[in-house]
Each structure stands twice: as C-alpha cells, then as structure tokens.
Amino acid sequence: MDIIWNSLRELITPTTAAYALAAIGLNVHFGFTGLLNFGQAGFVAIGAYGFAISVMTFGFSTPLAIAVTLVLAAGYALLLGVPTLRLRADYLAIVTIAAAEIIRFALNSSAFAKWTGGANGLYNEYSGWLKGSNPYPSGVVTVGPWTFGSNDLWIATVDWLVVLLTAGAIYLLVRSPWGRVLKGIREDEHAMLSLGKNVNLYKLQALVIGGVIGAAAGILYVQPTSVQPFDFATRMTFNMYTMLILGGAATVFGPILGSMIFWVVMRFTDELVNLGVDGGLFDNVTQGSQLRFVLVGVALVLLVVFRPQGILGNRTELSFDAK
Amino acid sequence: MPSKRDPILVADRVHRHFAGVTAVDVDHVEMPRGKITALIGPNGAGKTTFFNLLTGFDKPQTGAWSFEGKPIAGLAPWQVARRGMVRTFQLTKVLGRLTVLENMLLGSKNQRGERLLPFFWRKQERSDSARALEILERFKLGAKAHDYAASLSGGQRKLLEMARAIMNEPSLVMLDEPMAGVNPALTQSLLHHIKDLKNQGMTVLFVEHDMHMVRYVADWVIVMAEGRIIAEGVPGEVLSSTAVVDAYLGAHHDTDLRELVREMEA
C-alpha cells in the first residue's frame, strides 16, 4: 500500500505543479496556436535563473525579481519569434530547441559562474520571502495519508494556486474570439490571412504568453530546491509534450492532469524498481531504472493506441487529423 | 484598351517570373465596379498567380495596382483583406477542427474580442452569430452550424468558404475556381450565389474554365494566356474571338491534319 500512497503523493507536489504550469504555457503554443516550440525548457531556465540571480546577485525584492524575470522571458520570446514566425513552422522548432540548449550551456559554463554558479548551480538563498510568509505550523504537517515539511506544503499551496489562476485565465482567453483566432491559425494560416487577421502578430502574442507562463513555472520549480543547470535539458521539454499528449492538447485542464499522471507513473515505476532491488530481482538500481523507462514506454504506447486524443481530448476532433 | 468608368481595381505593369519563366506579365487591367468579371484562360496562363499577386499572397518583381483608388501593392495579405478585398482558394481552406459557425465568426471583422485583452465582446458576438446563421441558412448550411467544418463534403466546403468571405462584408470578392470539382446541381446553386453577391452591391472576380458558366454569369470577361491579357470585353464578343479560341484550342484546331503534315514535310 505504501507504494500506492507514495506514488499518489506526486499529485500535489510542487514539481508536479511547476511542470503543469509550464505545460499550460506549451499548450498555448502547441495545442491552441500550432506553434512547434521544442525549447520550453529554455523559458523555464530563464524563469529559474532570472529569479534566483535577481534576488541573490542584485538583491531585488521578490515581487521585483518576479517582474524582471517575466519581462526577460517576454523579451526572449520576441527575440525568437520576430525572425522565425513569418517563416514555415519548422523554423521555430529548430530555433527554440537550439536557443534552449544555448541557454543551458551558457548557464552551465564556468564563464558566468560568478552569477550562475556554473555546473554547481545555485543554492537556495532566494525563497526567503516565500518561506517567511508561511502560515502553516512549523515542523511536519499531515495532510490525509501524507506528511509534508511545513515549507514544502506552503510552496505546494502557492504553486497550485498559481496553476489554477493561470488555468482560469487561459480558459477565458481560449473561449474568447482571440482564442478562436489562435485555433484558426493552427488550422490554416492562409485562410486567416484572407480574412484580414494579422497572423504574425497573433503568433507572437501566443509565443510571449506561453513563454512567460513557462518562466513563471521556472520560478515555482526552484522554490523548494536549488537551481541545477542539468534540469533544463531538452528532456524537460519532451516530458512536457508527453504530459500534453497524456492529458489532451488544446484542452484547459489537459496539461494539469497530464503532469499529475506523468509524475505518479514515474514515481510508481520508481517504487516498483526499488521493490525489485530489495527483493533481489535486480542487481542494482541502475539495472532496474532501465526497466522503469521500459514500463513508462509501454504505458505511453497503450495510451496512444487506446486513447490517442489524451484523457480529456476530443475524439471527434482527432478523427479529422488523417484528412 | 479603353478605360472603364469607375473601376474598383486598376493594375499596371505587373510582372512576376519564377527563375526565368514568366508567369504573369500584365500591362494594364481594370475591373469594373459592381459587375461580375470572369478571368479565364488555359491551364498555366497565370490566373492564380495573378490572383495571389493582387491579394498580397505573392510579390511581383515589378508592378503597381490600386483598389478603390488607393495603391495597395506591397501590402500584406491581411491588410489587403481589411481594405475590403477578400479571396477564396482553389483548394478550399476551411478550418477543419473548428465548427462551421466558428469558421463564419472568424470572417467577421473589427471584433472587440479579437484583441489581446478580450473584454466586453459578448454583445458583438451575439449579433455576429445571428448574421452568420442567417448567411449559413441562405447557403443551406444552417443545419451544419455546430458540426466540425472537417466533416463537410467538398461542395459544402466551397459554399462555406464563400459564405465566410461574405461574412467579412467585402467590396470585392475574388473567387479562385469556385466551381472546380463540384457536381452540376451544386454548380447551379453556386452560380446563383455569385449573382446574389452582385445584387447585394459587391464586385466579383472569379477564375473559371467552363465557358458556359462564364457566358451565363459574367458581365465582363478577361482572358489570360501565357501570363498576358490577350482579350477582354463582354462575354458574347470575347468568347467568339479568334485569339481566345486559339488560346484554348490551339491555332490550328480547324485546319485539316493532312495539310499540316504536308506543310511539315515540305
């Protein structure tokens, strides 16, 4: 039973919330507008480092650091979007994945270690404000079957509040005529041009909004932990795509549900492997963790076969894709 | 060529070539306002390229043209559309994973709700929806309003594209082969809709191959061949002119083959 409860704990952890938020941003790009952003990890990295450096190096207050970080992310989105969005869709994909890797290598390099900490990353000396406002009693807090450290639970509470507020805003946006234009662009840019819609402007707006949400996710992501450059590898972006497909792209709650399922399954397979190691089934954890990804792969294949539209997706909508 | 009274669109010296092959080389052309003009010509005559150039979807090497008296060469396609010149496509472009009604609503212009911070748009949305449903009813798509556009047949897609263009309230509607791949019954209804556009005060330019339909619906005919305009006038005259017949059927279509063979042997 412990395995089950330990896995289900992932439903509400701060990491799940941060990934859900970044996936919501990616959904604005990919799900609603059809923009192929393969570098969402770059936006998340800008969020994490932008916030940490603003606080630790420049001594900004937390609200100012958040504002500076989000403006930085918007600038990065414009930098990537202005030259590429008027080209074919694949150019954005190439540029975003390359830019995200450039950012990661730059943050990892010793050249900027004075600010970024290089390969060591940054110790958490930036979430004092958040932890200082913690209303929960100190020590260990019990929530249902789970126990949390007081600070972790407070961070999780704030994170999920941000996720829900953002999801609400996205809900309103995509049901407005503005959101309808985004979906129209996803379906056919030329048709939208012929109806007088400034397609590039809308694509740029979508890129900035989704990117800023990704950066906000980066701020959340590093609150309970330290900042580690390796976290922002391309795998982070592809995990988010997995979440989108799991939960259902172009739905409001799909990315949130996707992130929850993803982390529960990751944790569950992890626990299974540990059990196998303890029981002598595997020689060591490395051998077992390879099996873990086999299990995750099998789960994904089953999903794509039996529910290709994702958990919340619309099957009728998907059935037209073949045409 | 004589100038027409009050043309809605005037184009001069429009030249487009692709890697040395001349696609469009139009010296001067005018579209009469409030009329249905047919642009005809054999395959490869440059009709669609000319369409793309006029609507901003392609850029010519040289050329100037004005719409409603204002120069519009060099404008982006969406800017051209906002001036009131809306086109359809030879291969229909419906927005498949949106409903028929949503397709229509996207045609409506100056929507408050399409700005980045969409507030106070519901009133306009209601009146737009009412207008959209009324147009759909006219195009016999009313029952389909809440279906995905991807579920429509080829002919229905043509109708939807035309209806969506009307939703934009253009002054010039440009239809690229509206009748291509459409069954005869639907062709009749499309022709009826094209005439209806004129009755509502719009100017229509359409590309077509079928001479009978051109004769039936057009007030003015412009003939293109090898990128140039080789003739224009009222349908009755143009369609019987030798140049046009030659362009379509070849210059030797009524020559005895044996004569040709003798000429070649000599």
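Parameters and conventions
Residues numbered from 1 in each chain as written. Chains lettered and ligands numbered in written order. Predicted model: local features only at pLDDT ≥ 70, side-chain atom pairs only at ≥ 80, totals over all residues. Heavy atoms only, no water. UniProt positions renumbered as here; feature names shortened; annotations may be inferred. Contact = heavy atoms within 4.5 Å. Buried area = accessible area lost by both parts, 1.4 Å probe. Salt bridge = Lys/Arg side-chain N within 4 Å of Asp/Glu carboxyl O. Polar contact = N/O pair within 3.5 Å; in protein donor to acceptor, adjacent residues only side chain to side chain. Helix = DSSP H or I, 4+ residues; strand = E, 2+ residues; numbered from the N terminus. Nonpolar A, V, L, I, M, F, W, Y, C, P; charged D, E, K, R; others polar. Domains from an automatic or database assignment. Core = buried A, V, L, I, M, F, W, Y, C linked by side-chain atoms within 4.5 Å. Buried < 20%, exposed > 50% of the residue type's maximum accessible area, 1.4 Å probe, protein only.

Chain B appears in an unreviewed UniProt entry as Branched-chain amino acid transport system ATP-binding protein from Actinoplanes lutulentus.

As recorded in an unreviewed UniProt entry, chain A goes by the name Amino acid/amide ABC transporter membrane protein 2 (HAAT family), listed as coming from Actinoplanes lutulentus. Per UniProt, chain A has the following entry under Subcellular location (unreviewed entry): "Cell membrane".

Visitor: Describe the interface of chain B and chain A, with residues and values.
Guide: Contacts between the two partners involve 32 residues from chain B, matched on the other side by 30 residues from chain A. Roughly 2800 Å² is buried in total at the junction of chain B and chain A, and carbon and sulfur atoms are behind 63% of that figure. Where chain B packs against chain A, one counts 4 salt bridges. In this structure, the salt-bridge partner of A:Glu187 is B:Arg97, at a minimum N-O distance of 3.1 Å. Where chain B touches chain A, the interface holds 13 residue pairs in polar contact (both at pLDDT 80 or more). For the side of chain B that touches chain A, the secondary structure elements donating two or more residues are helix H2 (77–82), strand E6 (85–87), helix H3 (100–107) and helix H5 (154–167) of chain B. Here the side of chain B that touches chain A is built from residues that sort into 15 nonpolar, 7 polar and 10 charged.

Visitor: Tell me about the domain arrangement of chain B, and please be specific about residues and values.
Guide: All names here are of chain B. Here chain B is partitioned into domain 1 (9–94 + 153–265) and domain 2 (96–151). For domain 1 versus domain 2, the distance between C-alpha centres works out to 28 Å. With 16 residues of domain 1 at the interface, the matching set in domain 2 holds 19 residues. On the domain 1 side of the interface with domain 2, the three residues burying the most area are Leu160, Arg164 and Met167, jointly 36% of the side's total. Measuring nitrogen to oxygen at the nearest pair gives 3.6 Å for the salt bridge that ties Arg138 to Asp196. The tally of links between domain 1 and domain 2 comes to 7 residue pairs in polar contact (both at pLDDT 80 or more). Counting only elements with at least two residues in the side of domain 1 that touches domain 2, the list comes to H5 and helix H6 (184–199). Residues that form the side of domain 1 that touches domain 2 fall into these classes: 7 nonpolar, 5 polar and 4 charged.

Visitor: I'd love a proper account of the nonpolar core, names of residues and values included.
Guide: Judged by nonpolar contacts, the single largest core of 85 residues is most densely connected at A:Leu21, A:Val163, A:Val227, A:Phe232, A:Met236 and A:Ile256. By residue number, the principal contributor to this core is helix H11 (residues 199–221) of chain A, which donates 14 residues. With near-sequence residues (within four places) excluded, A:Leu21 lies in contact with A:Val162, A:Val163, A:Thr166, A:Ile213, A:Ala216, A:Ala217 and A:Leu220. Counting residues in hydrophobic clusters, the runner-up holds 44 residues, among them B:Met104, B:Leu141, B:Leu190 and B:Val221.

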